[in-house]
Amino acid sequence: MGETTGVVSVSRRIEAPAERIFALLADPDRHTEFDGSDMLRGADGARPISAVGDRFVMKMYFDGMGGDYAMDNHVVEFEPNRRIAWTPSGADDRVTSRAGGEVGVPAGHKWSFDLEPDGPSATVVTETYDCTAAPEDLRQAIQHGEIWRGAMRGTLERIAQLCSS
């Protein structure tokens, strides 16, 4: 999937059981360890994700957004050891208003991870970024999600390093 759809996915087979990988993904305090974009600076008092409706704030940094900012992530899909997804919204007024959004209101994009067991001790992990519901100006600015493809590959590489047996 690509530029015209607003959905970008990257998959990798990782030599680790789905349970180990999912535990890492469900712990916002550990997201900086596998972030392939190098934008994450740490979770702000987050507990491990346990259900749809959970939220976690992630401190972030990006020059294009004026430096430091925070994202409030709303968990929208949660199937233990199989799937986890969240929709980010701005958590501070300075950056959110600059991007044309509202604090606490998801901007129409979603990050997800799907885990498919591949034998007793391996898992195919697919990370997906979906911006199909985002405003057109945001989709264009991020090339319909294509700008994240390299970071997503880096994320899966780091997950493999952290979780492999």
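Details of the structure are given in the entry above.
Residues numbered from 1 in each chain as written. Predicted model: local features only at pLDDT ≥ 70, side-chain atom pairs only at ≥ 80, totals over all residues. Heavy atoms only, no water.

As for the environment of Asp-68
Argument step 1. Within the secondary structure, Asp-68 sits in strand 4 (residues 67-79).
Argument step 2. Assessed through its relative accessible area of 52%, Asp-68 is described here as exposed.
Argument step 3. For the pair Asp-68 and Met-39, spaced 29 residues apart in the sequence, the C-alpha separation amounts to 9.4 Å. (Helix = DSSP H or I, 4+ residues; strand = E, 2+ residues; numbered from the N terminus. Buried < 20%, exposed > 50% of the residue type's maximum accessible area, 1.4 Å probe, protein only.)

Points about the pattern of salt bridges
Argument step 1. If you walk through the whole model with that rule in mind, you get 12 salt bridges.
Argument step 2. Residue Glu-33 pairs with Arg-30 through a salt bridge whose shortest N-O separation is 2.9 Å.
Argument step 3. Using a relative accessible area of 36% as the deciding quantity, one classes Glu-33 as partly exposed.
Argument step 4. Arg-30 gets classed as partly exposed once you look at its relative accessible area, which sits at 31%.
Argument step 5. It is possible to trace a salt-bridge network through shared partners that takes in Glu-77, Arg-83, Lys-110 and Asp-114. (Salt bridge = Lys/Arg side-chain N within 4 Å of Asp/Glu carboxyl O.)

Regarding helix 1 (residues 18-25)
Argument step 1. Listed as buried for helix 1 are Ala-18, Ile-21, Phe-22, Leu-24 and Leu-25. Angularly, the buried residues of helix 1 cover 155° about the axis, an arc narrow enough to put them on a single face. (Arc of directions from axis to C-beta.)

Notes on the environment of Cys-163
Argument step 1. Tracing the chain through its elements places Cys-163 in helix 5 (residues 149-163).
Argument step 2. Classification of Cys-163 as buried rests on a relative accessible area of 4%.
Argument step 3. Distance from Cys-163 to Leu-24, taken between C-alpha atoms, is 8.3 Å for residues 139 residues apart in sequence.
Argument step 4. Non-local contacts of Cys-163, meaning those with residues more than four positions away in its chain, are made with Glu-15, Ala-16, Arg-20, Ile-21 and Leu-24. (Contact = heavy atoms within 4.5 Å.)

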